[in-house]
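# Observations on the model geometry
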Amino acid sequence: PTQLPTPSPTFTCTGPGLVGGPGTCACRAGLFGTPVFAGTDWTNPCLTTAVKIDTSLTLTGTTVEVMSTPEKKVEFAEAVEEGIRQQNGLEAKVTNVVATKVARRRQILSETVEMAYSLVLPAAQGEEQSTFDAVVADLTAAASGGGAIANGLAALGTVATDAFVA
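Predicted, not measured: the structure shown is a model, and the values here were computed from it.

## Some thoughts on the overall build of the protein chain
A tally of helices and strands in the protein chain yields four helices and six strands. Split into buried and exposed, the 166 residues of the protein chain put 35% on the buried side. Carbon and sulfur atoms make up 56% of the accessible area of the protein chain, which amounts to about 9,600 Å² in all.

## Thoughts on the packing of aromatic side chains
According to the stated counting rule, one finds one aromatic pair in the structure shown. Each ring, one from F76 and one from Y117, has its centre 5.3 Å from the other, and the planes form 70°; the classification is edge-to-face. Here F76, found in helix α2 (residues 70-88), pairs with Y117, found in strand β5 (residues 111-122); they are 41 residues apart in sequence, far enough to count as distant. Across this residue pair, the class does not change: F76 and Y117 are buried.

## So, the confidence of the model for the protein chain
Model confidence for the protein chain is summarised by a mean pLDDT of 76, while 78% of its residues fall at 70 or above. Looking at the elements of the protein chain, mean pLDDT is at its lowest for strand β6 (residues 158-159), recorded as 67, and at its highest for helix α1 (residues 64-67), recorded as 90.

## Structural notes on the nonpolar core
With 27 residues, the main nonpolar core has F76, V80, L119 and L153 as its most contacted residues. Breaking this core down by element, the ones donating at least two residues are β3 (50-62), α1, α2, β4 (93-102), β5 and α3 (128-143). In terms of nonpolar packing, the next biggest core, distinct from the first, is built from six residues, L18, C27, W42 and C46 among them.

## Some words on the environment of A124
One can find A124 in the loop between β5 and α3. Looking at A124, the relative accessible area reads 29%, which means it is partly exposed. Measuring from C-alpha to C-alpha, the distance between A124 and T48 comes to 8.1 Å, with 76 residues separating the pair along the chain. The contacts of A124, once residues within four sequence positions are left out, are L47 and T49.

Rules and cut-offs
Chains are numbered independently. Their residues run from 1 in the order of the written sequence. Selection of residues for local features in this predicted model requires a pLDDT of at least 70, selection of side-chain atom pairs for listing and counting requires 80 or more, and totals for whole chains, interfaces and linings are taken over all residues. Computation of side-chain values covers all heavy atoms of the structure but excludes hydrogens and water. A run of H or I in DSSP counts as a helix once it spans at least four residues, and a run of E counts as a strand once it spans at least two, with each numbered from the N terminus. Burial classes: relative accessible area under 20% of the type maximum marks a residue as buried, over 50% as exposed, and values in between as partly exposed (1.4 Å probe, protein chains only). Only the protein chains shown count as cover for residues, and all accessible areas are computed by the Shrake-Rupley method using a 1.4 Å probe. Between rings of Phe, Tyr and Trp, where Trp is taken as its six-membered ring, a pair exists when centres lie within 6.5 Å; planes separated by under 30 degrees are stacked, by over 60 edge-to-face, and by other angles tilted. pLDDT expresses how confident the predictor is about each individual residue, on a scale running from 0 to 100. Buried Ala, Val, Leu, Ile, Met, Phe, Trp, Tyr and Cys residues form a nonpolar core when they are joined through side-chain atoms within 4.5 Å. Here a residue-residue contact requires only that any non-hydrogen atoms of the pair lie within 4.5 Å.

Okay, structure coming up:
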């Protein structure tokens, strides 16, 4: 008898709320979450509710011209997302990154730059406030010296000690 080959995973993204193809997967528009391939299938964290936090961090040792480039905005967003993932395991999306020069009394070689951005995290229905509270506490810790976000942003500038504003 001829043996049939053992089926292998297709790596195709399928399921309610998911969209993608072989090797890629995302939540459909209007849903929040980040699907992850888990060996044979994609996880489905896509939720209809999310927490949005408009916030900012203050960086020193860089300039607004540098931080306003599309590449640096992406680098900033990725560093914040990774810092949140390291701090509390949540998958967040950073959007609307805007760099603004902070006025100072005396000029030095580098500026102080405020990085304003929106942070979107999936939250189970009814848990929006507790998710918001937990994330604000985690962001404060992660943005402090030695925190995951501060460490991730070290290549871009130094996060000011009172940098996080929610």
